[in-house]
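Take a look at the letters that make up each chain.
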Amino acid sequence: MTKPINYEIQQSYYQNNQIDLIEMWSQLFTHEEFYAIMKSHVIKYLVRFENKNGTEDLKKADYYIQRLNDKYEEWSDIDD
């Protein structure tokens, strides 16, 4: 189950959308493409955290991991 959007992590320009961007990706792309998108965001934040935003980037990586896990579990339940 997806946790509520953490607005400390989400930028204000994402908060006004009617649909969550990550949810939109999950609908537009295949499962494999969606996984790749999410993993690329996780990697981006993990690679840069020491030189850019520190803990904030680690929280962002964690957020994408949580959302990826939620979608993976949802899709795994459907595929079973």
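Whatever comes next refers back to the structure up there.
Residues numbered from 1 in each chain as written. Predicted model: local features only at pLDDT ≥ 70, side-chain atom pairs only at ≥ 80, totals over all residues. Heavy atoms only, no water.

## Some details on the overall build of the protein chain
On a plain count of helices and strands, the protein chain comes out with four helices and zero strands. Mapped in sequence order, the helices and strands of the protein chain form the string α-α-α-α. For the protein chain, the proportion of its 80 residues judged to be buried stands at 29%. Across the protein chain, contacts joining residues at least 24 apart in sequence account for 57% of those joining residues at least 6 apart. Element-wise, carbon and sulfur atoms account for 52% of the exposed surface of the protein chain, whose accessible area totals about 5800 Å². (Helix = DSSP H or I, 4+ residues; strand = E, 2+ residues; numbered from the N terminus. Buried < 20%, exposed > 50% of the residue type's maximum accessible area, 1.4 Å probe, protein only. Contact = heavy atoms within 4.5 Å. Areas by Shrake-Rupley, 256 points an atom, 1.4 Å probe, with all protein chains shown as cover.)

## Describing a nonpolar patch on the surface
Judged by side-chain polarity, I19, M24, L28 and F29 come together as a nonpolar surface patch covering roughly 340 Å² of accessible area. Within the secondary structure, I19 sits in the loop between α1 (12–15) and α2 (21–28). Overall, I19 belongs to the partly exposed group, its relative accessible area being 35%. (Patch = residues over 30% accessible without salt bridge, like charges linked within 9 Å, V, L, I, M, F, W, Y side chains within 5 Å. Salt bridge = Lys/Arg side-chain N within 4 Å of Asp/Glu carboxyl O.)

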